[in-house]
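Results of the structural survey
If you want the building blocks of each chain, they are given just below.
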Amino acid sequence: MIDLQPTLENELVIVRPLLDKDFENLYHVASDAEIWKLHQNPDRFELAIFKEFFKNAMASKGAFAIFDKATKIIIGSSRYKPHENASNAVEIGWTFLSRDFWGGKYNKAFKHLMIIHAFKYFDYVLFNVDENNFRSQKAVKKLGGKLIDKSGLLKHLHTPKETGLTFVLDKTLYS
């Protein structure tokens, strides 16, 4: 059986299933408009929009709260979604972090945990990123993601535009 919501941790972060009680603390992080500036949904910092995002995260049964291990403070969220057309692939996405934790070791720390866990069940990990979100593209490339598609439809962003870039990690090549 595939476990899409384990609790994972390393020296920097604790990644655990997202709970209803996390809403207020997670919204405190998400309410920073700068986080969403390069995102295709730049209004996600607005309370009503974030409530819908959170509701969908809870319904996904693959969402996580990410905590700084030292302070036990919530610093962001991410989630898994099995690929609709490939039983051997899972997407990691819907990720955001507090700006205090941008640009380095925290993104790599929690994503590495998620990737290693995903490879217990799947052969491929996918990341879908908007073509204008250069910050996320750079982060995925640092993880070893290889660009495989330049015209994806980012359905989770509720847009008809094909501006999604799909990156893949292959279990046999991941180190």
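Residues numbered from 1 in each chain as written. Predicted model: local features only at pLDDT ≥ 70, side-chain atom pairs only at ≥ 80, totals over all residues. Heavy atoms only, no water.

Before going further, it helps to spend a moment on the layout of surface pockets. For the largest pocket, the calculated volume is near 790 Å³. Along the walls of the largest pocket sit 35 residues, with Thr95, Lys111, Arg135, Ser136 and Ala139 positioned nearest its centre. Listed by contribution, the elements that provide at least two residues to the lining of the largest pocket are strand 5 (89-97), helix 3 (105-118), strand 6 (124-130) and helix 4 (134-142). Sort the elements by how many residues they give to the lining of the largest pocket and strand 5 lands first, with seven residues. In the lining of the largest pocket, the residues fall into 16 nonpolar, 11 polar and eight charged. (1 Å grid on protein atoms, 1.4 Å probe; cavity = no way out; pocket = protein on both sides within 12 Å on 5 of 7 lines; lining within 4 Å. Points joined across faces, edges and corners; volume = space filled by probe spheres on them. Helix = DSSP H or I, 4+ residues; strand = E, 2+ residues; numbered from the N terminus. Nonpolar A, V, L, I, M, F, W, Y, C, P; charged D, E, K, R; others polar.)

Further remarks concern the nonpolar core. Within the largest apolar cluster, 31 residues are counted, with the highest numbers of intra-cluster contacts made by Val13, Tyr80, Ile115, Val125 and Phe127. Of all the secondary structure elements, the ones that give two or more residues to this core are strand 2 (13-17), strand 3 (63-68), strand 4 (74-82), strand 5, helix 3, strand 6 and strand 8 (164-170). A total of seven residues in this core trace back to one element, the largest contributor, which is helix 3. Discounting residues that sit within four places of it in the chain, Phe127 has contacts with Ile92, Lys111, Ile115, Val140, Leu143, Leu165, Thr166, Phe167 and Leu169. Membership of the second largest hydrophobic core comes to 18 residues, among which are Val29, Phe50, Phe54 and Ala65. (Core = buried A, V, L, I, M, F, W, Y, C linked by side-chain atoms within 4.5 Å. Buried < 20%, exposed > 50% of the residue type's maximum accessible area, 1.4 Å probe, protein only. Contact = heavy atoms within 4.5 Å.)

Our focus in this paragraph is the side chain of Ser98. With respect to the element layout, Ser98 can be found in the loop between strand 5 and helix 3. Ignoring anything within four residues of it in the chain, the contact list for Ser98 reads Val29, Ile35 and Ile75.

Okay, the pairing of strand 6 next. Most of strand 6 is tucked away, with five of its seven residues classed as buried. With helix 3 bridging strand 5 and its parallel neighbour strand 6, the resulting β-α-β unit is right-handed. Both strand 6 and strand 8 contribute to a ladder of seven bridges, which runs antiparallel. Looking at the pairing, Leu126 lines up with Val168 of strand 8. (Right-handed = clockwise from strand over helix to strand, strands pointing away. Pairing = 2+ DSSP bridges.)

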